[in-house]
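# Inside the fold
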Amino acid sequence: MLATPFSSSFFIWQPRFNFYTNPIFRSLSYQLSSSPVPFNGKFSGVRLHSALSPAAEIESPSGGRSGALSPSPSVAVDIQKIDVNPPKGTRDFLPEDMRWHNWLFNNFKEVSRLYGFEEVDFPVLELEALFTRKAGEEIKDQLYCFEDWGYRRVALRPELSPSLARLVIQKGKSVSLPLKWFTVGQCWRYERGPAHAQRRRILRTGCCYSICDGHVTDGVAKHMNLAFFTTLCSSSDAGSPEDMGSIRRAEVWFVKIACTIFVHSNSLDCFLGYFSKHLTPSLVSEVVHRLTIPTLGFKFVEFTRDKLHIMNHSYWTYNMLLRSLCQSNLHSSAKLVYDWMRCDGQFPHNWLLGFLVSSYALAGSFDISKELLADVQCNNVGVNAVVYNDLFNILIKQNKVGDAVVLYRELIRLHYRPVTYTINILIRGLCRAGDINEAFNLLGDIKSFGCSPDIVTYNTLIHGLCRINEIGRARCLLNEICSKGELAPDVVSYTTIIAGYCKLSKMKEGALFFDEMIRSGTEPNTFTFNALIDGFGKLGDMASAVAMYEKMLLHGCPPDVATFTSLINGYFGVGQVNHALEMWHEMNERNISASLHTFSVLVCGLCKNNRLHEARDILRLLKQSDIVPQPFVYNPVIDGYCKSGNVDEANKIIAEMEEKRCKPDKMTYTILIIGHCMKGRMSEAIGIFDKMLAVGCSPDEITVNNLRSSLLMAGMSGEAARVKEALCQNLTLDASSKKRSYHESTNADIPVAVY
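These numbers were taken from a predicted model, which means no experiment stands behind them. Chains are numbered independently. Their residues run from 1 in the order of the written sequence. In keeping with the predicted nature of the model, local features appear solely for residues at pLDDT of at least 70, side-chain atom pairs appear and are counted solely at 80 or more, and the whole-chain, interface and lining totals rest on all residues. Computation of side-chain values covers all heavy atoms of the structure but excludes hydrogens and water.

### Observations regarding the confidence of the model for the protein
Considering every residue of the protein, the mean pLDDT works out to 80; 79% of them sit at 70 or more. Confidence scores labelled pLDDT are given residue by residue by the predictor and lie between 0 and 100. The secondary structure listing takes helices from DSSP runs of H or I that are at least 4 residues long and strands from runs of E that are at least 2 residues long, numbered from the N terminus. Model confidence for the protein, summarised as mean pLDDT per element, is weakest for strand β1 (residues 46–48) at 33 and strongest for helix α25 (residues 561–573) at 96. The low-confidence segment residues 236–248, where pLDDT is below 50, has 18 contacts with residues more than four positions distant or belonging to other chains. Two residues qualify as a contact provided that any one of their heavy atoms is within 4.5 Å of a heavy atom in the partner residue. Segment residues 732–755 is flagged for pLDDT under 50; beyond a separation of four residues in sequence, or across chains, it makes 48 contacts in the model.

### Some points on the pairing of strand β9 (residues 179–188)
Of all 10 residues that make up β9, seven are buried, and the element is covered over most of its length. Should DSSP find at least two bridges between two strands, the strands are taken to pair. The pairing of strand β5 (residues 118–119) with β9 spans two bridges and is parallel. Paired with Glu118 across the strands is Trp181, a residue of β9. Only protein chains enter the area calculation, which uses a 1.4 Å probe; residues under 20% of their type maximum are buried, those over 50% are exposed, and those in between are partly exposed.

### Quick look at a positive patch on the surface
A surface patch of like charges, here positive, comprises Lys397, Arg432, Arg467 and Lys503. Mapping Arg467 onto the fold places it in helix α19 (residues 455–467). Patch construction takes residues with relative accessible area above 30% that form no salt bridge. Like charges are linked within 9 Å, and nonpolar side chains (Val, Leu, Ile, Met, Phe, Trp, Tyr) are linked within 5 Å. For accessible areas, the Shrake-Rupley method is used with a probe of radius 1.4 Å. Any residue's cover is judged against the shown protein chains and nothing else. Here, a salt bridge means any Lys or Arg side-chain nitrogen found within 4 Å of an Asp or Glu carboxyl oxygen. Residues scored as positive are Lys and Arg, those scored as negative are Asp and Glu, and His as well as the terminal groups of each chain are ignored. Taken as the charge location is NZ of Lys, CZ of Arg, CG of Asp or CD of Glu.

### Quick notes on unusual backbone geometry
Of note, Asn469 is a non-glycine position whose phi angle comes to about 65°, a positive value. Take Asn469: it is sitting in the loop between α19 and α20 (471–484). Phi angles above zero are rare outside glycine, and Ser505 is one such case at about 60°. Turning to its location among the elements, Ser505 is positioned in the loop between α21 (491–503) and α22 (507–519).

### A word on the nonpolar core
It is characteristic of soluble globular proteins that their nonpolar side chains tend to be buried jointly. Nine residue types can take part in a nonpolar core, namely buried Ala, Val, Leu, Ile, Met, Phe, Trp, Tyr and Cys, and a core is a set of them joined through side-chain atoms within 4.5 Å. Counting 160 residues, the largest nonpolar core has Phe275, Phe392, Ile497, Val637 and Ile638 as the members making the most contacts within it. Apart from residues lying up to four places away in sequence, Val637 is in contact with Val603, Cys607, Leu612, Ala615, Arg616, Leu619 and Ile653.

### Side note on helix α28 (residues 612–624)
The span one expects for a helix is its residue count, reduced by one, times 1.5 Å. For α28, which comprises 13 residues, the first-to-last C-alpha distance of 19 Å matches the rise-based estimate of 18 Å (1.5 Å per residue) to within 8%. When we look at burial in α28, the residues that qualify are Leu612, Ala615, Arg616, Ile618, Leu619 and Leu622. Along the axis of α28, the buried positions cluster into a sector of 155°, meaning they face one direction only. What points out from α28, more than 90 degrees from its buried face, is the exposed set His613 and Gln624. Directions from the helix axis toward the C-beta atoms define the arc.

### Some details on the pattern of salt bridges
On inspection of all chains with the given rule, the structure shows 29 salt bridges. Across the pair Arg189 and Glu159 runs a salt bridge, and its minimum N-O distance is 4.0 Å. In this pair, Arg189 sits in the loop between β9 and β10 (201–210) while Glu159 sits in the loop between β8 (153–156) and α4 (161–171), placing the two residues 30 residues apart along the sequence. The same class applies to Arg189 as to Glu159, namely buried. Each of Glu128, Glu137, Lys140 and Arg153 takes part in a single network of salt bridges with overlapping partners.

### Re the side chain of Glu126
By secondary structure assignment, the location of Glu126 is in strand β6 (residues 125–127). A relative accessible area of 8% places Glu126 in the buried class. For this analysis, a polar contact is any N or O atom pair within 3.5 Å, provided that within protein one partner can donate a hydrogen and the other can accept it, and provided that sequence-adjacent residues contribute only side-chain to side-chain pairs. At 2.9 Å, the side chain of Glu126 and the side chain of Arg166 are in polar contact. In this view, Glu126 contacts Phe131, Val154, Ala155, Ser163 and Arg166; residues no more than four positions away in its chain are not counted.

Okay, here's the thing in structure tokens:
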């Protein structure tokens, strides 16, 4: 808004025409074959007489681009070469270009006059201060400016607004209000870069509307823009391709106009007639697609239904809107769109239905998922099994096995015939929940529907039985499979039972069943051998573990990180540290990357055997790896250094933990506090305790009692009382925490194949 001498408001309406000037005006190449002078792309031997010499572009001492005009000698100057191309950033206008030029700007003038604006013009040359006052001194780098004969700093205008404002201010109260002017003119600006295609000469338009206080002008510029582009649309439809060139279809223009109006207008009531005349369901789809923001698309469709009474939107409009709303977690709006879709008599296809059902289930709205399924079923619309399978999978991952089974029973009452894969999903969920009897009931259902269970069905049941330690029942089920002869047990069937025996430390039965597996012709895999090696290692039977490892190599099964971790852990368990390190070196020679569990086993084993420095070296290797560590890996080494009195090295390990973004846990802080108390470094122990509270790690009774007793022995009764008070404020005592060992580690089970 520009201020005027009188109380008024001022706006500039400037449609951007760069979309027109850049692609339409083409560079011109002159062929001067008829020239009387020999011509090879350059003029030569031409004598020009001028009162002034050519303007030389130089840098002005005061900034900007300046053209120095100096008198030329009366003697003619020989100019050897002349470039016939227009200066950089400018262009010539041939007749066909001028037709485009006149057509475009005549439309602008016609719309401006229609709204009561009158044309004005002003000099291309203005005082330089007019532009620097508006844009600052930095604008000089973009001006074509120089000093005239009267020592005045002048410049070619780079835009229309300052000149238009100058004219309004100059006339002041001599003009009657409201003042409505428009102009079309050339502007000159030295800009670099591809954003403006380095155009120096620019054609611009502008409208000035200066009004009295209290006069309402809201919407004038919007109406003029709408009228201008509507005029372009009409003329582009009416004109021939030869006359109108590259102007796009009216529908494309309308979509852009509709999006602009909808986004930027506070009220759409004034555009109702325009929209009702031109808007169609197909154009609604294009507008929704272009708006990109789901909430805007939803509001636009709602506007067309409520205000324009368009009720027959296309399927793809609803499809696009439903997906975008659900992906943005706007499920309540999506449900309303679905209701609109049903009111229009349309049903979602299976892909869209599956997406909606899964989306609502993931959002915790299982009732709406069931409502959508019931709606399409009541209208005899076929639902693909994939829709149900995806829903069952989501419910099981959310530990809602009961809801999944209830839904399954409801579908059965509606004469739904499940497929084997559906039953497998439900059986897997029931087995994980420990409801093995219900899982066997589903096995009976699948047979009554004429479906046949596959090997995945039986393997899932076998795994469920092994989870609850019913290995004998699992083996009976395996024998049932073999006796029927319809299916052959695979490596997963045998491996699951072997892992069950190993879990119960029944290694003799596990080894015998392994031999039975070999006799059946089923080849074991890496998971099979890993289960046996880990079982023998935990029992300390390293001879059998190594023998199984050698069998593994003979069968051509490549050992993995779990294989070596089990062997290393087994050797540490029987005190054979050197053999454990030999396994570690062999693992490295095979280029098998260690896991976090491997590092934990190595650190704990070395610390238990009083090889603290080697454990420290393992931590350095962990620091160099990409593994995200956990505190339980560091705690044994920190504890070892604290007990040996080397708390400084323990503090260094804490710094390494923080470098790896590993936060110390309650055990770490307790070890450090006790270690510093043993060294008599009470102030540091208090600092560690305060840090423990600051990071939200609540100390337990062991931590507080050790620190308090050390403080009392050091004569620091005040600090001891503060520590006790902190315990009362920040802790809920856990009895189990008293029994925890400083060397406790998470020695997870070795993974086996699980369905």
